[in-house]
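Summary of structural features
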Amino acid sequence: MYCPNCGIEIGDGFKFCGKCGFQLEGVQNNSDHSSPGVSYVMNRKSEGISLILAIILPGLAHIYLEKLTTGLLFIFASILVMTLSITLMLEGMLGVGLLCQLVCFGIWIYSIVDSNSLTKKYNARLLQE
């Protein structure tokens, strides 16, 4: 049997749930041991907020869209390339440093386009459910 309040599995014959204290007397016994239905609400994600976050720093919008790994990779890559660019330019390698700046700009633009696409897909998936 599962507690209808918190969903934890409890044995038959108990009057109260050991986790949340919910009164179980009069609750129908679920003897097939199937897990209880868990419901949650996924909110729509704002395309405007996603765009602003992607402009501020590549990867922030991905984190907002619950793509933590992708977001952290974008952040790490952009910071790494920017640091490399600045270091190379300070060492006198202006051409290579500018090339790294161009790569960093490409990462930034790709992050903006990708996060916009992901926001639209996320919201479309919500409408299907």
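Structural data are supplied above this passage.
Residues numbered from 1 in each chain as written. Predicted model: local features only at pLDDT ≥ 70, side-chain atom pairs only at ≥ 80, totals over all residues. Heavy atoms only, no water.

1. Some thoughts on the state of the cysteines
Inspection of the entire model under this criterion finds 0 disulfides. Left unpaired, C100 is separated from the closest cysteine sulfur, that of C104, by 9.1 Å. Classification of C100 as buried rests on a relative accessible area of 11%. Since its relative accessible area comes to 9%, C104 is described here as buried. (Disulfide = S-S within 2.5 Å. Buried < 20%, exposed > 50% of the residue type's maximum accessible area, 1.4 Å probe, protein only.)

2. Structural notes on the environment of S78
Relative to the elements of secondary structure, S78 occurs in helix α3 (residues 68-90). Placed 26 residues apart in sequence, S78 and C104 show a C-alpha to C-alpha distance of 5.7 Å. S78 has contacts with L57, P58, C104 and I107, leaving out every residue within four places of it along the chain. (Helix = DSSP H or I, 4+ residues; strand = E, 2+ residues; numbered from the N terminus. Contact = heavy atoms within 4.5 Å.)

3. What to know about the side chain of N123
Within the secondary structure, N123 sits in helix α4 (residues 94-128). Taking the relative accessible area as the measure of exposure, N123 reaches 4% and is therefore buried. Excluding its chain neighbours within four sequence positions, the residues that come into contact with N123 are R44 and K45.

4. A word on the packing of helix α1 (residues 47-56) against α4
At a closest axis distance of 9 Å, the pairing of α1 and α4 adopts a crossing angle of 160 degrees. One element, α1, and the other, α4, form an angle in the roughly antiparallel class. Crossing hand, α1 versus α4: right-handed. Packed against α1, whose contacting residues are E47, S50, L51, A54 and I55, the element α4 presents W108, S111, I112, S115, N116, T119 and K120 at the interface. The class makeup of the residues in the contact of α1 with α4 is 5 nonpolar, 5 polar and 2 charged. (Axes fitted to C-alpha atoms, helices over the stretch in contact; angles between N-to-C directions. Parallel < 35°, antiparallel > 145°, perpendicular 65-115°, else oblique. Left-handed = near helix turned anticlockwise from the far one by under 90°. Nonpolar A, V, L, I, M, F, W, Y, C, P; charged D, E, K, R; others polar.)

5. Comments concerning unusual backbone geometry
Positive phi, normally seen in glycine, also occurs at E66, with a value near 65 degrees. Classification of E66 as exposed rests on a relative accessible area of 53%.

6. As for the packing of aromatic side chains
Under the counting rule described, the total for this entry stands at 2 aromatic pairs. Consider the rings of F74 and Y110, whose centres lie 5.9 Å apart with planes at 35 degrees: the pair is tilted. Of this pair, F74 sits in helix α3 while Y110 sits in helix α4; the two residues are 36 residues apart in sequence, bridging distant segments of the chain. Judged by centre distance (5.6 Å) and plane angle (45 degrees), the rings of F105 and W108 are tilted. Here F105 and its partner W108 are both found in helix α4, 3 residues apart, which amounts to about one turn of the helix. The residue whose ring lies beneath K45 is Y64, and the NZ or CZ to ring-centre distance is 4.9 Å. (Phe/Tyr/Trp six-rings, centres within 6.5 Å; stacked < 30°, edge-to-face > 60°. Lys NZ or Arg CZ within 6 Å of the ring centre and 35° of its normal.)

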